[in-house]
Amino acid sequence: MSGFPLVAVVGNPNAGKSALFNMLTGARQKVGNYPGVTVERKSGRLALPDGRPIEIVDLPGAYSLDPSSPDEEVTRDVLLGRQQGERLPDALLLVLDATNLDNHLRFALQLIALGLPTVVALNMVDLARRDGLEIDPQVLERELGVPVVATVAVRRRGTDELKEALSEAIGAARRIRAGDGAAQEDFAAIQRRARAIARLATVSEKSGRRTSHFIDTVALHPVAGPIVFTLVMFLMFQAVFAWSQAPVAWIEAGVAALQGAAASVTPAGLVRSLVVDGVLAGVGAVVAFLPQILILFLFILMLEASGYMVRAAFLMDRLMARVGLSGHAFIPLLSSFACAVPGIMATRTIEDPKHRLTTILIAPLMTCSARLPVYAIIIGAFIPARTIGGGIGLQGLVLFGLYALGIVGALVAALALRFTVTKGAPRGFMLEMPKYQLPHVRDIVLGLWTRTLIFLKRAGSIILVSTIILWALLSFPQPRPGETALQSSIAGRIASGLEVVVRPIGFNHEIALALIPAMAAREVAVSSLATAYSVQESDETKTDTTLIERLRGRWSLPTALAFLAWFVFAPQCLSTIAVTRRETNGWKWPAFMLGYLFTLAYGAAGATYWGARALGL
Amino acid sequence: MALRLDQLPFRTPAVVTAIDWSRLSDGDARRLRNLGFDEGVGIESLHGAPFGGDPLAVRIGRMMVAMRRAQAQAVSVEPVAS
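Residues numbered from 1 in each chain as written. Chains lettered and ligands numbered in written order. Predicted model: local features only at pLDDT ≥ 70, side-chain atom pairs only at ≥ 80, totals over all residues. Heavy atoms only, no water.

1. Considerations on the overall build of chain B
Within chain B, the regular secondary structure consists of two helices and six strands. Moving toward the C terminus, one meets the helices and strands of chain B in the order β-β-α-β-β-β-α-β. For 82 residues, the compact-globule formula gives about 12 Å, and the C-alpha radius of gyration of chain B, at 11 Å, lands near that figure. Summarising its shape, the C-alpha atoms of chain B cover approximately 35 × 30 × 25 Å along the three principal directions. (Helix = DSSP H or I, 4+ residues; strand = E, 2+ residues; numbered from the N terminus. Rg over C-alpha atoms; globule rule 2.2 N^0.38 Å.)

Shown next, in the form of C-alpha cells:
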C-alpha cells in the first residue's frame, strides 16, 4: 500500500464511525478485502491541515478486544499489528457516542492502553443534547489523557479540529506496550472505571432517549409492531417492482442498441456472434437487474441507518428461533431477496458459526431478482390474466406463491439442517438496538455507490467469463450441413444426456438445454429458451411475445408449473457458489449446497408435474 | 426483593444485583459483558416481542438491547424505588 501514515478509525458499532469516515474521506474510498478473511477493508486518503497526506482505514466496529465475530477479530489483529495485509496504524481515531458514553468508554480504555497515539472524537453531541445530556469534553480529555474533539459526523462539525489533533498525534512517539495486549486490566475493573469516567464527564442528565423510546412503543408493540413491519416490507417489495420498471427498460433498450451497433460494425460470423449473442446478451441480461437490486439496497441501507433493522430482527427472532436460528439471520436473508451474494456476505455479523453456516445454506432460497424474468415469462405464458375475486389477480397470486414457497422451503430447510449437518447448541440472541436516526443522504449514496461498483465488477468478471464459455459450448463444434447448432454443439449433446434425467419431471430437450447456461445465472434461462426455439433476435418486444406464444404451443401446463417449481429451489448461480466457497473456506459446503438444493428442485418439480397431471391440468 | 430479569415487570426501573455467569455459554457471557451488563448498572425491561413476549427489549445503562428470556434468567435485578 502507500507509505503514508496510517490512521485507523475504531469504535463500538453504532458510534457513527462510518459516518465520520465518510465525512473525512468523501467519495475517495477504496473497498477491498483483507487477505485470507472475507472482511471488507474500507480506506481513503486525507490531507492534514499541514498538507501531509495520510491513509485512513475504517475498522469494523467492535465492543472490546475480546472478539466475537470475524469482523471484530480483524479489528483486534490490526490494532495489535498482527493482521496480514495491514501495517500497524500510526495513530487511532477513536469514535465515542456521546449518548452512550459509559458503554463506549470501556472499549476506549482498552484501546488507549495499547499505547498508540490516539485522538478521541466525541460524536453525536447533538443527539446527546436532544436527549438532555451534556458531556464535558475537557473532563474526558483529562481523565483519558488523550485529546478529545466534539463532533457531529453527519454535519461536518469538528472536522477541522479533528484533523488538527490527528496531525499532532501522528508526530507523537509511540509508546507501545510489550506483549499482545494480554497486559490489559481485568474486564470488570475497566467496566467500572469507564462508568466512573462517564459519571465525571456528564455535566447534566435528564431522563434520556425520549424520541427513540416513543417510536419503540409503537414499533415494538405486540400488535402495532408486526403491522408496521408488514407495511414496511410491503412498501419495500412494491417499490422494487414499481420503481424499477422504467430504468430496467432503459438498460434493456441500451443493450439492444449496443447489440445493433456491434452487429453493424462486425462481420457476420463467429466474432459477431461472440460479441452480440455472447458478451452483450449475457452481461446485458445481468446488468438489467441493477435497478431492482439498487432499490432493494436503498431500502436495506435506510432500514439499517435508521435503526429499524435491528427492531425487525427483534420481531422476527421468535420465528427464527422455531427453526433453530435467531433474529441475527433476518438481515442477511432480507438482503438475499435482492441477490444471495451480498446476503451471504452479510452473514459475517452472525457470531455462532453453525448459525452462520445454516443461514448461508438457506440464503439462495430467498427469491432473488434473477428469478423474476424466468417467473415473469412462464406466468405470462401459462397463467391466465384474470382476477379471482376481490381484485386479486391470478398471476400476481402465483408470483406471491412462488415467493412464499421459497420462504417456507428455507425455514423447513433450516430446521432440517439444524437437526443434522449444522447441529449445535442453541445460542442466545443479543443485539444492541441503536437509537433511531434520520438516515443521512451522504452515507446512503456512498453505500449505494460502493454496492453498484461491486455488482458491476462482478458482471464484468465472473459473468463475462461464464457467458463466453457458455457461448462457446453452444457454438462449437459448428454444425455440418443439415444439422442445427443445437444438435451439433457440445451444449446440445450435454442437453441430450441431461434430458434423460429431467424427462421424468416433465422437462423436454429445450428445457434441458436452457438449464445448462442458466447455471451461470438463472435469468439466462429465458434468453437460452429463446435461442433454443430459434426465435429471431432482431426485435426485443417481438421476441417476448413470440417466446410466450411458442412456449404455449409446446409446453403442457404441468411442465410449465414444474419449471417454476424447479427455479424456486435450483441453485443455478455461479456467483452464489463462488461466494459460498469463499465464505466457508472450501468446496465442501458449496458442494453440499448444490446437492441439497438440486435434490429439492428435482423433487419439487417432479411433485408439481405429477400432481398437476393427476389433477388433470 | 430480588427478581430475575425475565420476571421483572415492564417499565420498572431496577439495578443489576448479580449475574450468574455459569448459566451462560462462553459466547453469550462475552456478549452480555460487551453490552455492559455488570453489577450496579441500571436496567429496565421495556418491551416483549409479539407472540409470547420473547425476546425482550431491555434498557441497560443508556443502551437498548434485545435479548432472549433464557439469557435474561441469568441476571438478578432489584427494582429501585422512584
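Here the narrative resumes.
2. A word on the interface of chain B and chain A
Many structure descriptions define interface size as the accessible area lost when the parts assemble. Listed as interface residues are 35 residues of chain B and, on the opposing side, 42 residues of chain A. Among the residues chain B hides against chain A, the three largest losses belong to Arg31, Arg62 and Arg68 of chain B. Together they make up 26% of the total. Counting across the chain B and chain A interface gives four salt bridges. Of the charged contacts, one joins arginine 68 of chain B and aspartate 317 of chain A as a salt bridge, the two residues approaching to 2.8 Å between their closest N and O atoms. Across the contact surface, chain B and chain A share 17 residue pairs in polar contact (both at pLDDT 80 or more). Residue contributions to the side of chain B that touches chain A peak at seven residues, all from helix α1 (residues 26-34) of chain B. Here strand β10 (residues 430-433) of chain A pairs with strand β5 (residues 63-67) of chain B via four bridges, running antiparallel. Bridged to methionine 430 of chain A within β5 of chain B is methionine 67 of chain B. (Contact = heavy atoms within 4.5 Å. Buried area = accessible area lost by both parts, 1.4 Å probe. Salt bridge = Lys/Arg side-chain N within 4 Å of Asp/Glu carboxyl O. Polar contact = N/O pair within 3.5 Å; in protein donor to acceptor, adjacent residues only side chain to side chain. Pairing = 2+ DSSP bridges.)

3. Quick look at helix α5 (residues 137-144) of chain A
All names here are of chain A. Residues of α5 that are buried: Val139, Leu140 and Leu144. The buried residues of α5 occupy an angular sector of 120 degrees when the element is viewed end-on, so they sit on one face. α5 presents Gln138 and Arg142 as exposed residues on the side facing more than 90 degrees away from its buried surface. Here the buried face of α5 lies against α3 (101-112), β6 (118-123), β8 (148-150) and α7 (187-201). Capping of α5 at its N-terminal end is provided by aspartate 136; its side-chain oxygen lies 2.9 Å from the backbone amide nitrogen of glutamine 138. Glycine 145, located one to two residues past α5, shows a positive phi value of around 75 degrees. (Buried < 20%, exposed > 50% of the residue type's maximum accessible area, 1.4 Å probe, protein only. Arc of directions from axis to C-beta.)

4. A short note on the sheet that holds strand β2 (residues 14-19) of chain B
Across the sheet, which stays open at both edges, the seven strands sit in the order β10(A)-β5(B)-β4(B)-β3(B)-β2(B)-β6(B)-β1(B) with antiparallel pairing between neighbours. In this open sheet, the two strands that pair with only one neighbour each are β10 of chain A together with β1 (3-4) of chain B. Strand contacts of α1 of chain B: β10 of chain A together with β2, β5 and β6 (75-79) of chain B, with the helix running at about 20 degrees to β10 of chain A, the strand carrying the most contacts. (Axes fitted to C-alpha atoms, helices over the stretch in contact; angles between N-to-C directions.)

5. Overview of the confidence of the model for chain B
Residues and elements named next belong to chain B. Model confidence for chain B is summarised by a mean pLDDT of 91, while 98% of its residues fall at 70 or above. In the model of chain B, α1 stands out as the element of lowest mean pLDDT, 88, in contrast to β6, which has the highest, 96. Prediction confidence for the complex, expressed as pTM and ipTM, is 0.84 and 0.95 respectively. (pLDDT = per-residue confidence, 0-100.)

6. Considerations on the pairing of strand β3 (residues 40-47) of chain A
Residue and element names in this part refer to chain A. Examined bridge by bridge, β3 and strand β4 (residues 53-58) share six bridges and lie antiparallel to one another. Within β4, the residue paired with arginine 45 across the bridge is glutamate 55. Linking two consecutive strands that pair antiparallel, namely β3 and β4, is a turn of five residues; a positive phi of about 95 degrees is found at glycine 51 within it.

7. Some thoughts on a nonpolar patch on the surface
All names here are of chain A. A cluster of nonpolar side chains, contributed by Leu270, Phe476, Ile490 and Ile494, occupies part of the molecular surface with about 300 Å² of accessible area. Mapped onto the secondary structure, leucine 270 falls in helix α11 (residues 270-287). What makes leucine 270 partly exposed here is its relative accessible area of 38%. (Patch = residues over 30% accessible without salt bridge, like charges linked within 9 Å, V, L, I, M, F, W, Y side chains within 5 Å. Areas by Shrake-Rupley, 256 points an atom, 1.4 Å probe, with all protein chains shown as cover.)

8. Details of the pattern of salt bridges
The tally for this structure, following the rule as stated, stands at 22 salt bridges over all chains. A salt bridge links glutamate 44 of chain B to arginine 59 of chain B, with the shortest nitrogen-to-oxygen separation between them at 3.1 Å. Highlighted residues: glutamate 44 of chain B in strand β3 (residues 42-48) and arginine 59 of chain B in strand β4 (residues 56-60), separated in sequence by 15 residues. Overall, glutamate 44 of chain B belongs to the buried group, its relative accessible area being 13%. What you see here is one network of salt bridges that share partners, running through Arg41, Glu55, Glu86 and Arg87 of chain A.

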